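Examination of the molecular architecture
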Amino acid sequence: MISDKDIKFGPPAVVVPEPQREGVAPAGAGEPRTPSPMRIYLEKRGNGKIADGAFFGLVVACALSIFAIVVAIVIVLFQRSALSRHTFGMSFFRSEDWDPVSGLFGAYPFIYGTLVSSFLALLIAVPLAIGVAIFVTELCPKFLRAPISFLTELLAAIPSVIYGLWGIFVLVPLVRDHVGPVLEKYLGWTGFFTGLNIGVGMLTASLILAIMILPIISSLTRDVMRAVPVSQREGVLALGATRWEMIRTGVLRNARIGIVGAVILGLGRALGETMAVTMLIGNHAEIHKSFFAPASTLASVIANEFSEATGDLYLSSLIEIGLALFVVTILVNAVARLLIWAVTRGAPARST
């Protein structure tokens with residue numbers, strides 16, 4: 001029997017390769033190699049350079065088509081409004097006259113109606129939208145977050161004409177019989193809530209606009225608040241702040257630029273809204289201090305009178321109004337997107 005003493009341990013043996021003779025190829029060098037199944041598959045498919053180039057060209061053309069459409073719209077509106085611009089010049093935006101019979105056209109009443117209705121809508125919608133965003137992001141139980149978020153965003157999917165019909169049957173009687181008398185009683189001294197109140201006017205149009213822009217502001221504000229790091233919240237709470245102080249100083253203060261961007265984006269939607277405003281604002285080319293009085297906006301005058309524009313100057317004036325509205329809307333949306341990007345860039349996506 002062999003014991004451990006009989007076994008001698010030493011350094012491992014080193015295998016020295018046999019020197020290759022000059023002119024003799026290594027073993028197996030002359031044998032043909034069998035290609036792998038993946039290489040056989042790729043060789044059968046052929047070269048994909050042409051397909052890749054075609055795909056790249058297609059997607060680049062799709063991206064550039066967006067710029068082409070925007071440029072084409074601007075060019076057409078600019079060309080078709082040349083007669084109005086040459087006739088009235090910059091006085092077109094300062095004049096209060098809108099008389100198609102006499103050939104006098106001024107856009108100032110419509111600019112006034114657009115700005116006032118939009119800012120009234122923001123005044124109503126912004127506190128409500130920010131409150132919804134704070135509740136869903138910071139205070140809402142998890143099982144309620146998805147339903148509330150879905151219902152809020154569902155408001156943005158409702159057609160504008162449905163809002164207009166709902167406003168005629170609900171908001172008009174409400175403003176005429178209930179809201180209007182209360183406002184006139186307590187705020188009539190301001191001059192903004194006086195005069196004849198028939199339910200159709202600036203205030204009613206602003207209320208429907210506030211409902212329509214609420215989901216946009218709320219959704220974007222919610223995304224901006226989610227972009228604030230969790231460590232920011234935990235740090236404020238660790239310093240002894242209450243829940244409200246944490247939201248106010250740790251979340252809202254860091255997200256304020258993005259919230260401003262969301263508000264401006266809602267303003268862009270309010271400026272260009274057409275059908276619902278046309279159905280509820282009264283469509284009078286006049287300027288009144290009272291919010292109960294009928295008015296008109298840039299979008300509503302185009303919707304109402306474009307089919308009736310018979311003369312070239314009349315049609316050119318409406319197209320110039322459309323050009324001004326288009327340029328203002330593009331600028332407002334660009335500023336809003338820039339502000340939102342300044343807050344949310346680099347932030348990781350988070351689930352609801």
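Okay, so let's go over this structure. (Residues numbered from 1 in each chain as written. Predicted model: local features only at pLDDT ≥ 70, side-chain atom pairs only at ≥ 80, totals over all residues. Heavy atoms only, no water.)

With that out of the way, let us pick up the packing of helix α6 (residues 160–187) against helix α7 (residues 202–226). For the pair α6 and α7, interaxial distance at closest approach is 9 Å and the crossing angle is 125°. The orientation of α6 relative to α7 falls into the category oblique. Handedness of the α6/α7 crossing: right-handed. On the side of α6, the interface is formed by Ser160, Tyr163, Trp166, Leu171, Val172, Val175 and Leu183, while α7 contributes Leu203, Thr204, Leu207, Ile208, Ile211 and Met212. The residue makeup of the contact of α6 with α7, split by class, is eleven nonpolar, two polar and no charged. (Axes fitted to C-alpha atoms, helices over the stretch in contact; angles between N-to-C directions. Helix = DSSP H or I, 4+ residues; strand = E, 2+ residues; numbered from the N terminus. Parallel < 35°, antiparallel > 145°, perpendicular 65-115°, else oblique. Left-handed = near helix turned anticlockwise from the far one by under 90°. Contact = heavy atoms within 4.5 Å. Nonpolar A, V, L, I, M, F, W, Y, C, P; charged D, E, K, R; others polar.)

What follows concerns empty space enclosed by the protein. The method is simple in principle: a probe with the dimensions of a water molecule rolls over the atoms, and the space it marks as empty is what remains. By the definition in use, this model includes one cavity of 30 Å³ or more. Along the walls of the largest cavity sit Tyr112, Met202, Glu286, His288, Ser290, Ala293, Pro294 and Ala295, which together make up its complete lining. Looking at the lining of the largest cavity residue by residue, the class counts come to five nonpolar, two polar and one charged. (1 Å grid on protein atoms, 1.4 Å probe; cavity = no way out; pocket = protein on both sides within 12 Å on 5 of 7 lines; lining within 4 Å. Points joined across faces, edges and corners; volume = space filled by probe spheres on them.)

Our focus in this paragraph is the packing of helix α5 (residues 142–154) against α7. Helix-helix packing is characterised by the crossing angle of the two axes and by the distance between the axes. Interaxial distance between α5 and α7 falls to 8 Å at its minimum, and their mutual angle equals 140°. Classified by the interaxial angle, the pair formed by α5 and α7 is oblique. Here Ser149, Thr152 and Glu153 of α5 lie close against α7, whose contacting residues are Leu214, Pro215, Ser218, Ser219 and Arg222. Considering only residue class, the contact of α5 with α7 consists of two nonpolar, four polar and two charged.

Attention shifts here to the pattern of salt bridges. Summed over the entire model, instances satisfying the criterion amount to five salt bridges. Close ionic contact of Arg222 with Glu153 constitutes a salt bridge, the shortest N to O distance being 2.6 Å. Linking Arg222 in helix α7 with Glu153 in helix α5, this pair joins segments that are 69 residues apart in sequence. With a closest N to O distance of 3.8 Å, Arg226 and Asp223 form a salt bridge. Taken together, the residues Arg226 and Asp223, both in helix α7 and three residues apart, mark about one turn of the helix. Take Arg226: its relative accessible area is 16%, and that puts it in the buried class. (Salt bridge = Lys/Arg side-chain N within 4 Å of Asp/Glu carboxyl O. Buried < 20%, exposed > 50% of the residue type's maximum accessible area, 1.4 Å probe, protein only.)

Over its 25 residues, α7 extends 35 Å from the first C-alpha to the last, a length consistent with the 36 Å expected when each residue adds 1.5 Å. A bend of about 35° at Ile213 is the largest found in α7, and the proline Pro215 appears one to four places after it. (Expected span 1.5 Å × (residues − 1). Bend = angle between axes of the 7 residues up to and from the residue.)

It is worth spelling out the side chain of Thr297 at this point. Among the structural elements, Thr297 can be located in the loop between α11 (275–280) and α12 (298–305). Residues within four places of Thr297 in sequence aside, it is in contact with Phe110, Gly113, Thr114, Ser117, Val277 and Ile281.

For α6, spanning 28 residues, the distance from its first C-alpha to its last is only 31 Å, which falls clearly below the expected 40 Å at 1.5 Å a residue. Of all the bends in α6, the largest measures some 50° and sits at Val175. Every buried residue of α6 is listed here: Ser160, Tyr163, Gly164, Gly167, Leu171, Val172, Val175, Gly180 and Leu183. Elements in contact with the buried residues of α6: α7 and α11.

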